[in-house]
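# Geometric and topological summary
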Amino acid sequence: MGKRKEESISEPGSCKRQKQEYTDEHSDESNEEENSQSSADSNFSLLSTAGDVGVIESIQLKNFMCHSMLGPFQFGSNLNFVVGNNGSGKSSVLTALIVGLGGKATATNRGSSLKMFVRDGETSADISITLRNQGRDAFKPELYGGSIIVNQHINLDGSRSYKLKSKSGTIISSKKEELLGILDHFNIQVDNPVSVLTQEMSKHFLQSKNEGDKYKFFMKATQLEQMKEDYSSIMKTKENTCIQIEQGVERLQELKQLYVEKRERYKSIGFVNDMRNHLEDLKHKMAWAVVGEMEKEIQPVKEGIRAEEGNTEKFVQKLEECRAKVNEAEEKYKAIQDKLITVSEEAQALHPQCISLKADIQARRKAVNEAEVLYNRSRTELKRLGKDDEQLCKRIEELKSSANQASEPEQLERQRKIARLREQLKAFRDEEIMIGQQVDQFQQAIYKCKEEHARLRREDSDVKQALDARQRQLRELKDSKTNTLKRFGPHVPAFLEAVEAAYRQGRFKHKPVGPLGAFIHPKDAELTLAVESCLKSLVQAFCCDNHSDERTLQLLMSQYYPRGFRPQIIVNKFQNEVYDIRHRGVHHPEFPSVLTALEIDHAVVANCLIDVRGIETVLLIKSSCKAREVMQFNRPPKNCREAFTAEGDQVFERRYYSSDYLRPKFLSKDVEAEISHLEKEIENKKARLAASQQCLYSIENEIRQNEDYLHGHRRHQKELQIKIRTTNAEIADLENMEEHQSVDIRTLEGEAEENKGKMESVKEDMQQQSRRMEELKNILQVAEKNFEEMKEKIHQVEEIAGPIKEELNKADSEVENSKRRLQHYEDKQKEHLAYIKMHKELLAAREKELEEKMAQARQIYPERIEISRTVKSLDAEMNRLRERINSENDRHGNREEIVQQFHDAKERYEDANSKVKNLKKFIRLLEEIMTQRFKIYRQFLRFSLERKTNLPLMM
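This structure is a prediction, so every number in the text was calculated from the model and none was measured. (Residues numbered from 1 in each chain as written. Predicted model: local features only at pLDDT ≥ 70, side-chain atom pairs only at ≥ 80, totals over all residues. Heavy atoms only, no water.)

### Topic: the overall build of the protein
Along its length, the protein carries 19 helices and 14 strands. Contacts spanning at least 24 positions in sequence make up 76% of the contacts within the protein whose residues lie at least 6 apart. Surface accessibility of the protein: about 59,400 Å² in total, with carbon and sulfur atoms responsible for 48%. (Helix = DSSP H or I, 4+ residues; strand = E, 2+ residues; numbered from the N terminus. Contact = heavy atoms within 4.5 Å. Areas by Shrake-Rupley, 256 points an atom, 1.4 Å probe, with all protein chains shown as cover.)

### Re the packing of aromatic side chains
Per the counting criterion, the structure on display carries 7 aromatic pairs. For the pair F64 and F117, a centre-to-centre distance of 5.5 Å together with 20° between the ring planes defines the contact as stacked. Taken as a pair, F64 in strand 1 (residues 53–64) and F117 in the loop between helix 3 (90–100) and strand 3 (124–133) lie far apart in primary sequence, 53 residues in all. Across the pair, exposure class does not vary: F64 and F117 are buried alike. Judged by centre distance (6.0 Å) and plane angle (80°), the rings of F652 and Y657 are edge-to-face. (Phe/Tyr/Trp six-rings, centres within 6.5 Å; stacked < 30°, edge-to-face > 60°. Buried < 20%, exposed > 50% of the residue type's maximum accessible area, 1.4 Å probe, protein only.)

### Considering a positive patch on the surface
Taken together, the side chains of K318, K325, R820 and R821 present a region of like positive charge at the surface. The set of elements that each furnish at least two residues to the positive patch consists of helix 9 (270–401) and helix 17 (745–860). Along the polypeptide, K325 turns up in helix 9. With relative accessibility at 45%, the residue K325 sits in the partly exposed group. (Patch = residues over 30% accessible without salt bridge, like charges linked within 9 Å, V, L, I, M, F, W, Y side chains within 5 Å. Salt bridge = Lys/Arg side-chain N within 4 Å of Asp/Glu carboxyl O. Lys, Arg positive; Asp, Glu negative; His and termini not counted. Charge placed at Lys NZ, Arg CZ, Asp CG, Glu CD.)

### A short note on helix 14 (residues 603–612)
Within helix 14, 8 of the 10 residues are buried, leaving the element largely enclosed by the surrounding structure. G614 sits one or two residues past helix 14 and shows a positive phi near 65°.

### Some words on the sheet that holds strand 13 (residues 650–651)
Taken together, 4 strands build an open sheet; the order of strands is 11-12-13-14 and the sheet is mixed. The open sheet has two free edges, formed respectively by strand 11 (618–620) and strand 14 (656–657), since each of these has just one partner strand. As defined by bridge partners, strand 12 (residues 642–644) adjoins strand 13 across 2 bridges and the pair is classed as antiparallel. Paired with F644 across the two strands is Q650, which belongs to strand 13. (Pairing = 2+ DSSP bridges.)

### Thoughts on helix 12 (residues 528–535)
When you tally the buried positions in helix 12, you get 8 out of 8 residues, the bulk of the element. Burial in helix 12 covers these residues: T528, L529, A530, V531, E532, S533, C534 and L535. Tucked into the core, helix 12 has its buried residues touching strand 7 (520–522), strand 10 (598–600), helix 14, strand 11 and strand 12. Where helix 12 terminates, the next one or two residues include K536, which has phi positive at roughly 55°.

### With respect to the pattern of salt bridges
Scanning all chains against the criterion turns up 27 salt bridges. Between K302 and E847 there is a salt bridge whose closest N-O contact spans 3.8 Å. Here the residue K302 occupies a position in helix 9, and E847 occupies one in helix 17, the gap between them amounting to 545 residues. Using a relative accessible area of 29% as the deciding quantity, one classes E847 as partly exposed.

### Let's talk about the side chain of D649
Following the sequence through the fold, D649 ends up in the loop between strand 12 and strand 13. Only 2.9 Å separates the side chain of D649 from the backbone nitrogen of S659, close enough to count as a polar contact. Residues in contact with D649, not counting those within four places in the same chain, are A643, F644, Y656, Y657, S658 and S659. (Polar contact = N/O pair within 3.5 Å; in protein donor to acceptor, adjacent residues only side chain to side chain.)

### Brief notes about the sheet that holds strand 2 (residues 67–74)
The sheet built from 6 strands is open, its strands ordered 2-1-3-4-5-6 with antiparallel pairing. Of all the strands in the sheet, the pair left with one neighbour each is strand 2 and strand 6 (171–173). The mean inter-strand angle of the sheet, taken between neighbouring strand axes irrespective of direction, is 25°. Looking at chain direction, strand 1 and strand 3 are connected through 7 bridges and run antiparallel. Bridge assignment links L61 to a residue of strand 3, and that residue is I127. With respect to the sheet, helix 3 is in contact with strand 1, strand 2, strand 3, strand 4 (147–155) and strand 5 (160–165), its orientation differing from that of strand 1 by roughly 110°. Relative to strand 5, helix 5 (residues 176–186) is tilted by about 60°, and along the sheet it contacts strand 1, strand 3, strand 4, strand 5 and strand 6. (Axes fitted to C-alpha atoms, helices over the stretch in contact; angles between N-to-C directions.)

In structure tokens form, the structure reads like this:
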């Protein structure tokens, strides 16, 4: 199949498939116009050949229809005949050409689907067609070369794929669009019966008697029908474009009017631009004026630093002088100290001798004193013995004179009676002792019973008080179901209403906050008792901002709280933010502080508890063992003062205190559980109170019985005491009647002789002791004399050391004064250097700030401007200009918006105007091209009718 191409004929077909922009269309139409004119001038020369492109060079089939392998067939460049027997593959080749070049299965009249062309028993079929691609009209010769190989793969499910290869076999594309482009370029139309005429189509054409069908066949075969459709489509597009132009012209007038309005408004604000320009100029000056003022501020700092650095040398000289004086004073002090040490060593060498002499004197004096004591004791003994001797002699004489006066029978009777009375007295005394023991036993029993009774009475009173407290607490808990404030006391709601009323009346500067417990809520219920044990009475406390509010609150409390039961009032300045305690609070990875364990509703409450109780430094540790381990076995955590356990025990670093509380009273969330617990506790206390009353009654009965026994025994004891006194009186009377004649005179005489012997012995001892005492006194005098001499020596040495000590003290004072002066100048130097460092840092910061200001100024205006005006005056003028600009903006509108609206309107107008012009130009050009096209179409139609039509190739 050779391609016979003439430019004017091929244009309609190619124009239908191209979808390009307006500029491309304009260019293409211009080319078409030129081509049409050139073809008209050449009298429709249709014989210009292009036989080097679009020629089918070969075809090969695989598993196509009933052939496993057919071809390849090589075709010549001119006319080719395919001959063969029926079933040899002639129709298969033609069908493969239609399908291989993208035709539909129905166009072959051999099947309705591509899968019908796959050979039975196979899964796919392949078609390979080689097209020539040489000459000036070659399609992308730089990619494909001299031939284009079209490979099509047909699957059993009816799908197909393409591979477009170059002459060398390189795959260039696999898209169908690329194949359609090649066919359009080569003007190959597989569905055109002039190009490919199947047997069925030829039969239909030959057997048809209708001239209309033949004319339609002619129109389709010559592409005149397509040209007619293209012409109609172009004319319709032209009509739509004209309508768009009319609408665009109307819209253009509106945009032009809007543009003119915005331009006039833009011009009306021109003088505002002058003010803005002046404002920008002032901004430039302001930027450099700020730099100038900062430079002026920095200059005194630099001068001050230079002056202070000049004074540094003076401080160095002063320090050197002070150090020299210190060294001189220390050397003088050391010399005096060495001298004093020498004298002190001499004195210390004498001190042991002095101490030894003093000890010797004390020993000698002690011996003298002991001798004197012995001597005085012997003298006293001698005097006593002399008196005893006189008494013995006198008694002997008395007994001798009264020996014969008494009668023997009366003496015996008295002795018998005295003996009998003594036996009665002994019996009375034994019985009295026994009664006394019994009385003591009864008294001890009564005392113990009374002690037990008093103890039980106290316990009974304590139980009654505890019972009353628990019952009151139970009532408060039940009331707190409806009003939680009643947990802090039944009168608290009314008191808070009074506080609110007083605050509304203006009696408080700030409304007091309280009770504090109403604003805190433990996050962990197990730590509630620990929190209450930590806060104690603070739970019921109130907080005031000032002392005036405190006095007013005290006055209100006196009306609702009894004296002695008023809650604490804390005066603490109210703040809306909680203190920052990050650096002074305790932070433990495992245990919370009281502050972190609470949800506090009011910042004032949190700050009050931090100030008064230090809750940020108190840890809460549930286990007492763990608390001891954290606080006592190891070093306590940083900033931690104490800790509380879940049982309320208080733990310090070296102490541990058990809690007085058993259960929380104010902060517990489970009111029902607390009520149940209190009811059980009340029942237990009532039972305990009843048992205590019964025990008291039995003890009182026992006391009464013991007191009755005690009174009886005491009466009996008094009776025995009377009998004993009577018996003693009778015995005394009987004994007074005797003359003591029973005394043995011989015994007394023996005692007198013995006493005289003792007196002689004592006298001898006294003589020896006297001599011993005199010897000891002489030795003591010698020792005292030696001791006094030693003391004198020491005194002389001390007199020498005294002035030296004064000199040493004076030298020490000089050293201290020198050191103080040195320290003073060192401190001054440090302050001086710190002052210089601080000002240098300040200067560096100022210079850095100056550099930033200069950088900002350069960004605002790159060239430096020398300004004589101050920043303040520039700022005032800028503010006046801004006010004027703002007032103009308020009157005319925002400048930026006006400028933006102007530019937007201008842009829309110019864009619409350009589009309308381009469309009008396009319509004019289209009319010219279509007029020329229609003329050529009529000429071509007439020429085609006159020309003899070539018959298509028939298989």
